[in-house]
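# Remarks on the overall topology
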Amino acid sequence: MQQEEERVNNKKTNVRRLTEAEWEVMEAIWALGGAPSVRDVLEYAYPGGEKAYTTVQTIMNNLVAKGFLKQKKVGLVNFYRPTLSRDKAIRQETSHLVTKVFRGSFGALAHFLINSDSLNAQEIATIRQLIAEKERELERQ
């Protein structure tokens, strides 16, 4: 039922979403750069043989169908190039999370993270530095 609701909601907002397995494959493709083959992705992402060649091939073909990858055949080998950057995919996924869970409020997400007891002192210092940098950037505008 929940998956059906999410599928319908994704169609309504025209948001392309990645499954966990698709994220793994996309992470490998972004890390490898260029236009890797299925074999390249398999060897990089699953060096211990955790997934079969045909499984990775199916995932990559699904990513083509979803528009996340472009496929080019050279001889007998298919090569795949991402259609969006990792940063853009993260922005889309984060935006979806914020819309779904925090009613569109990034401030509510920040409040939740800060009060979740999952941040250590170093992470808090990093967040402070990022906020200060963003404030300076906004002041220059």
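Refer to the structure above for everything that follows.
A quick note: this is a predicted structure, and the numbers were derived from the prediction, not measured. For every chain, the first residue of the written sequence is number 1, and numbering continues from 1 onward in sequence order. In keeping with the predicted nature of the model, local features appear solely for residues at pLDDT of at least 70, side-chain atom pairs appear and are counted solely at 80 or more, and the whole-chain, interface and lining totals rest on all residues. Excluded from the side-chain calculations are hydrogens and water; all other atoms, namely the structure's heavy atoms, are used.

The next point concerns the overall build of the chain. Numbered from the N terminus, helices here are DSSP runs of H or I no shorter than four residues, and strands are runs of E no shorter than two. Summing up its helical and strand segments, the chain has seven helices and two strands in all. Along the chain direction, N to C, the helices and strands of the chain fall in the order α-α-α-α-β-β-α-α-α. A burial count over the chain gives 21% of its 141 residues as buried. When checking whether two residues touch, look at their non-hydrogen atoms; a contact exists if any pair is within 4.5 Å. Intrachain contacts of the chain at a sequence separation of at least 6 include 47% that bridge at least 24 residues. Only the protein chains shown count as covering a residue, and every accessible area follows the Shrake-Rupley method with a 1.4 Å probe. If you sum the accessible surface of the chain, you get close to 10200 Å²; carbon and sulfur atoms cover 53% of it. Exposure categories follow from relative accessible area, calculated using a 1.4 Å probe and restricted to protein chains: below 20% of the type maximum is buried, above 50% is exposed, and the middle band is partly exposed.

This part is about the pairing of strand β2 (residues 77-82). Note on pairing: two strands pair once DSSP finds at least 2 bridges between them. Examined bridge by bridge, strand β1 (residues 69-74) and β2 share six bridges and lie antiparallel to one another. Each residue of the ladder has a partner; that of Val74, found in β2, is Val77.

Another aspect to go through is the environment of Ser116. Along the chain, Ser116 turns up in the loop between α6 (106-114) and α7 (121-140). For this analysis, a polar contact is any N or O atom pair within 3.5 Å, provided that within protein one partner can donate a hydrogen and the other can accept it, and provided that sequence-adjacent residues contribute only side-chain to side-chain pairs. Within polar-contact distance, the side chain of Ser116 engages the side chain of Ser118 at 2.6 Å.

Before going further, it helps to examine the packing of helix α5 (residues 86-102) against α6. Inter-axis angles, ranging from 0 to 180 degrees, are taken between N-to-C directions of lines fitted to C-alpha atoms, where helices are fitted over the stretch in contact. Closest axis-to-axis distance for the α5/α6 pair is 9 Å, and the angle between their directions is 85 degrees. Put simply, α5 runs roughly perpendicular to α6. Between α5, through Thr94, Ser95, Val98 and Phe102, and α6, the contact on the second element is made entirely by Phe106, Ala108, Leu109 and Phe112. The labels follow the angle: roughly parallel below 35 degrees, roughly antiparallel above 145, roughly perpendicular from 65 to 115, and oblique for the rest.

Expected span of a helix: the number of residues minus one, times 1.5 Å. Over its 20 residues, α7 extends 29 Å from the first C-alpha to the last, a length consistent with the 28 Å expected when each residue adds 1.5 Å. Taking the backbone nitrogen of Gln122 as reference, a side-chain oxygen 3.0 Å away marks Asn120 as the first, capping residue of α7.

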